[in-house]
Amino acid sequence: MKGPSVRPLLLPLLFLSCGWLALCAPPTCYSRVLGLSAEIMEVLEKVHRSPRTVGERACWKDCAGFLPKMFLDVHNSCINSKLRDFLYMAENLPFEHCRERPRIIYLQRKVRNLYTIISRACYRDLVYLTNDCEALDTGYSNPRYTEDRLQLLVETS
């Protein structure tokens, strides 16, 4: 007499273990930049909506007003200067109680990490597809033809 076969039980276990190992892979530089930029935009949105930073109380009314809204696009070549400007503004808020808020400190740390990763670790891995600095402020990318592209279009037609 033969016992129950192990093969039907082994196959699903093999597939589950391969899926688990795939989730254990370390994040790439690009995926880390994408994740951090999404996290920063989420925290910044919370800061702008929070009753602790915007509200009826006079001491909190101006905290979020000094921080600009950002729409981070890691494929925009202006991201380094935008992150650097944001860090300067966040570290030099005019009110001490604003600089000491835990969410503001957390936001500063995340922006500094993203700036460091982009400028030092991933500076060769990222591909910049646009140079629209205004899109980082407004969230709307306005495709414009530069003089070089316009000249190429004129020459080819």
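Structural data are supplied above this passage.
Our subject in this report is the structure included herewith.

Criteria and cut-off values
Each chain has its residues counted from 1, running along the sequence as written. Since the coordinates come from a predicted model, pLDDT governs what is reported: local features require at least 70, and pairs of side-chain atoms require 80 or more to be given and counted, while whole-chain, interface and lining totals use all residues. Each side-chain value is worked out from all heavy atoms of the structure, with water and hydrogens disregarded. Structural elements are reduced to axes, namely lines fitted to C-alpha atoms, with helices fitted over the stretch in contact, and the angle between N-to-C directions of any two is expressed from 0 to 180 degrees. Put simply, DSSP H or I for four residues or longer makes a helix, DSSP E for two residues or longer makes a strand, and each gets a number counted from the N terminus. Roughly parallel here means an angle under 35 degrees, roughly antiparallel means over 145, roughly perpendicular means 65 to 115, and every remaining angle is called oblique. Handedness of a crossing is defined here by the sense of rotation of the near helix relative to the far one, left-handed for an anticlockwise turn of less than a right angle and right-handed for a clockwise turn. Whether two residues are in contact is decided by their heavy atoms: any pair within 4.5 Å suffices. Three classes are used: nonpolar for Ala, Val, Leu, Ile, Met, Phe, Trp, Tyr, Cys and Pro, charged for Asp, Glu, Lys and Arg, and polar for all others, with Gly counted as polar. We count a salt bridge whenever a side-chain nitrogen from Lys or Arg sits within 4 Å of a carboxyl oxygen from Asp or Glu. Two rings from Phe, Tyr or Trp (for Trp, the six-membered ring) form a pair when their centres sit within 6.5 Å of each other. Planes less than 30 degrees apart are called stacked, planes more than 60 degrees apart edge-to-face, and all others tilted. Summary of the burial criterion: residues with accessible area below 20% of their type's maximum are buried, those above 50% are exposed, and those between are partly exposed, where the area comes from a 1.4 Å probe applied to protein chains only. We call a pair of cysteine sulfur atoms a disulfide when they lie within 2.5 Å.

What follows covers the packing of helix α4 (residues 79–91) against helix α6 (residues 102–121). Orientation of α4 relative to α6, taken along the N-to-C sense of each, is 150°, at an axis distance of 10 Å. In terms of axis orientation, α4 runs roughly antiparallel to α6. Remark: the crossing between α4 and α6 carries left-handed chirality. For the pair formed by α4 and α6, the contact residues are I79, N80, L83, R84, F86, L87, A90 and E91 on the first element and L107, Q108, V111, R112, L114, Y115, I118 and S119 on the second. Across the contact of α4 with α6, the residue classes tally to 10 nonpolar, three polar and three charged.

For the structure shown, the criterion picks out five salt bridges. Note that R49 and E45 form a salt bridge whose closest N and O atoms lie 3.1 Å from each other. You can see R49 and its partner E45 sitting in helix α2 (residues 29–49), four residues apart, about one turn around the helix. Between E91 and R112 there is a salt bridge, and its shortest N-O distance comes to 2.3 Å. Here E91, found in helix α4, pairs with R112, found in helix α6; they are 21 residues apart in sequence, far enough to count as distant.

What follows is about the packing of aromatic side chains. The tally for this structure, following the rule as stated, stands at one aromatic pair. Between F66 and F95 the ring centres are 6.0 Å apart and the planes differ by 65°, which places this aromatic pair in the edge-to-face class. Highlighted residues: F66 in the loop between α3 (58–61) and α4 and F95 in the loop between α4 and α5 (96–99), separated in sequence by 29 residues. Overall, F66 belongs to the partly exposed group, its relative accessible area being 34%.

This part covers the state of the cysteines. If you walk through the whole model with that rule in mind, you get two disulfides. Across the disulfide from C29 sits C122; the S-S distance is 1.2 Å. Classification of the bridge connecting C29 and C122 rests on its S-S torsion, roughly -90°, and on that basis the disulfide is left-handed. Within this pair, whereas C29 is found in helix α2, its partner C122 is found in the loop between α6 and α7 (133–138), the two being separated by 93 residues in sequence.

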